[in-house]
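Residue-level listing of the chains:
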Amino acid sequence: MTGIPYEEPPSNKKGLVTRLQEIIDGGWFHTREQDADGKVGNTLEDLIGLSENNFALPDVGEYELKAKRSKAGSLVTLFHYDPFPRRNYSGCSRKCSPVPGFLVPKFGWQHQKKDDENSFRVTLTGEDWHSRGFRINVDYNDRRVYIEYNKNKITQSRLETGNLQNWYQGLPSEMPEQIYWEFDDLEKKSGDKLPNMLFVYADTRGEGSEEEFNYTEAEVWEEFSLNTFIDEIQSGGVKIDFDASTGHNHGTKFRINKDSGNSLEEFYENRYALGEE
């Protein structure tokens, strides 16, 4: 493999396919990054010769490169995007999203490891009410995706399991303000991040700085459908992950299950193995 790692990005799709095939045929590659979450993708970018995972080729347009460990969980993060409105919430030094400014202080529960902090780590869908009393709801008339809250939907088993009676007593009976994403904002975000995706799977061995990757297959997903994306938010095919605590917001993730074949095929009009189109 005389060219790997490449120093310059590929100039066209044919060059990209050639490089990826060489990498797939090349066996094991030592990690080139230390970040646990991103190194499978960052290592692949370095091998291909890319400076970032979003790239454009003259003959095919813009693509987002994603790499995933083959044995990892099936959830794939599409993008990070906090809800609106953005304003000067109490406790924020400048305009911030309602996640750190409102949800953490008003609805967060005691952090498991830090007694003086609240935590708001929860995965919501439009399919069911979460046991903490939240769900996602799509309003097609308003063209908004709302976070809904109903105190009566908090389950007794949740309160007993987490010893959360004090948390429950301090909660409001309903959501004091609307928290949402506009369809137009989601369209722009998905258009920026998801016009087309190149998805590469990798086997792994070793840990930490000694981890190695064997990239095994690549798929192309093309022509992202916003309408299907919105529908899947409502039906539960898209999950929305909140990962925040007092003073720390790791971003709100929009995620899909890579094993839910029907929804993935519907998100993208075309899906095929690299080199087989």
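Cut-offs and rules
Residues numbered from 1 in each chain as written. Predicted model: local features only at pLDDT ≥ 70, side-chain atom pairs only at ≥ 80, totals over all residues. Heavy atoms only, no water. Buried < 20%, exposed > 50% of the residue type's maximum accessible area, 1.4 Å probe, protein only. Helix = DSSP H or I, 4+ residues; strand = E, 2+ residues; numbered from the N terminus. Arc of directions from axis to C-beta. Pairing = 2+ DSSP bridges.

## Here's the deal with helix 6 (residues 183–193)
Structurally, the α-helix is built with 3.6 residues per turn, so residues lying three or four positions apart point the same way. Taken residue by residue, helix 6 has F183, L186 and S190 as its buried positions. Buried positions in helix 6, seen along its axis, are confined to an arc of 60° and lie on one side of it.

## Regarding the pairing of strand 12 (residues 238–245)
Burial of strand 12 is extensive: 6 of the 8 residues sit out of reach of the surface. In the sheet, strand 6 (residues 118–124) pairs with strand 12 via 6 bridges, with the strands oriented antiparallel. Following the sheet pairing, L124 is matched in strand 12 by I240. Note: strand 12 against strand 14 (residues 253–257), 4 bridges, orientation antiparallel. Residue I240 lies in a different strand from strand 14, and its bridge partner there is F254. Pairing of strand 12 with strand 13 (residues 248–249) involves 2 bridges; the strand directions are antiparallel. Bridge assignment links S245 to a residue of strand 13, and that residue is H248. Hairpin geometry of strand 12 and strand 13 is characterised by an intervening segment of 2 residues between the two adjacent antiparallel strands and by a positive phi of about 80° at G247.

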